[in-house]
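Results of the structural survey
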Amino acid sequence: MEPPENGCADEYLFDPVILKQIDFSKHKATYKPMISPANPGESLLLRPLCLGDFDRGFLQLLSQLTKVGDISRELFKERFTSMKSCPHTYYVTVLEDTRINQVIGTATLFLEQKFIHTAATRARIEDVVVSDDYRGKQLGKLLLDVLTLLSKKLGSYKVTLDCKDKMIPFYNTFGFTKEEGNNFLQQRFKD
Ligand code: 16G
């Protein structure tokens, strides 16, 4: 694994080289102005989650999406270590504003191993958030494009996400559509 880059002088959840190896060439033209994983915008850095992101507002950012609860440093470390111990499974990706050392965007790619479809892998995109102050900079699009490309590159047979009603048009623009005859159902045990 490469040594950590600026802004992240501690361990990564997954190898940052994985993000660098994504072929973004076909997507570049769809960004105006042009941004890319290597150049997400002035002072911004796209990278895997770091343990030190506990102190860079990662949990506060997630609270713009839903309830996060009381997460101590110890609990954060425990969950980080547990995710890291499952290789090829958790790709929690963040955008850091290196000027202020704050995480301002995040999205997670989760890979679920299956027996069906010839022992295939299903990918899920989860917990996509861009901080209110950084909206309108194509950063949500960038996170989604990167993780969708990564899910393909890692050989998933499909990538799915669930979202609130108001977000459906946004995700439709990235090719996520409701499949005729298929539904997302759940039982909720806690708020
Ligand atoms: C959204 C998220 C989902 C997250 C959920 C939390 C995306 C694409 N979807 O549906 O990943 O887990 O919100 O909501 O980011 P909840 O707290 O009501 O389960």
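Residues numbered from 1 in each chain as written. Predicted model: local features only at pLDDT ≥ 70, side-chain atom pairs only at ≥ 80, totals over all residues. Heavy atoms only, no water.

Topic: the state of the cysteines
Scanning the entire structure with this criterion turns up 0 disulfides. There is no disulfide at Cys86, and the cysteine sulfur nearest it, in Cys50, is 18 Å away. On the basis of relative accessibility, which here comes to 33%, the residue Cys86 falls in the partly exposed class. (Disulfide = S-S within 2.5 Å. Buried < 20%, exposed > 50% of the residue type's maximum accessible area, 1.4 Å probe, protein only.)

Quick word on the side chain of Arg47
Along the polypeptide, Arg47 turns up in strand β1 (residues 44-48). Owing to a relative accessible area of 2%, Arg47 belongs among the buried residues under this scheme. A distance of 2.7 Å separates a polar atom in the side chain of Arg47 from a polar atom in the side chain of Asp53. Of the polar contacts made by the side chain of Arg47, one reaches the side chain of Glu96; its length is 3.0 Å. (Helix = DSSP H or I, 4+ residues; strand = E, 2+ residues; numbered from the N terminus. Polar contact = N/O pair within 3.5 Å; in protein donor to acceptor, adjacent residues only side chain to side chain.)

Focus: the nonpolar core
Core analysis: the biggest nonpolar cluster contains 43 residues, and Leu49, Phe58, Leu109, Leu139 and Val146 have the highest contact counts within it. A total of 8 residues in this core trace back to one element, the largest contributor, which is helix α5 (residues 139-153). Excluding its chain neighbours within four sequence positions, the residues that come into contact with Leu49 are Glu11, Tyr12, Leu13, Phe58, Phe76, Phe80, Val92, Thr93 and Val94. (Core = buried A, V, L, I, M, F, W, Y, C linked by side-chain atoms within 4.5 Å. Contact = heavy atoms within 4.5 Å.)

Concerning the site of the ligand
Taken together, Thr66, Glu126, Asp127, Val128, Asp162, Cys163, Lys164, Tyr171 and Arg188 make up the full set of residues adjacent to the ligand. Here an oxygen atom of the ligand sits 2.5 Å away from a polar atom, N or O, in the side chain of Glu126. Between the ligand and Val128 there is a distance of 2.8 Å, counted from an oxygen atom to a backbone nitrogen or oxygen. Protein burial of the ligand: of its 450 Å² of free accessible surface, 79% is covered by the chains. Sorting elements by how many residues they give to the shell around the ligand places strand β4 (residues 121-130) first, with 3 residues. The residue inventory of the shell around the ligand, partitioned by class, reads 3 nonpolar, 1 polar and 5 charged. (Near = heavy atom within 4 Å. Areas by Shrake-Rupley, 256 points an atom, 1.4 Å probe, with all protein chains shown as cover. Nonpolar A, V, L, I, M, F, W, Y, C, P; charged D, E, K, R; others polar.)

A look at the packing of aromatic side chains
Summed over all chains, the structure comprises 9 aromatic pairs. On the basis of an interplanar angle of 65° and a centroid distance of 5.0 Å, the ring pair of Phe14 and Tyr91 is categorised as edge-to-face. Linking Phe14 in the segment before α1 (17-20) with Tyr91 in strand β2 (residues 90-97), this pair joins segments that are 77 residues apart in sequence. For the pair Phe14 and Tyr91, one class covers both residues: buried. Ring geometry for Phe76 versus Phe80: centroids 6.5 Å apart, planes at 35°, classification tilted. With Phe76 and Phe80 both in helix α3 (residues 73-84) and 4 residues apart, this pair spans about one turn of that helix. Accessibility assignment for this pair places Phe76 and Phe80 in one class, buried. Through a chain of ring-to-ring contacts, three or more aromatic side chains come together here, namely Phe54, Phe58, Phe76 and Phe80. Stacked on the ring of Tyr31, the Lys or Arg Lys141 has its end atom at 4.2 Å from the ring centre. (Phe/Tyr/Trp six-rings, centres within 6.5 Å; stacked < 30°, edge-to-face > 60°. Lys NZ or Arg CZ within 6 Å of the ring centre and 35° of its normal.)

Limitation: the analysis is restricted to geometry and does not speak to function.
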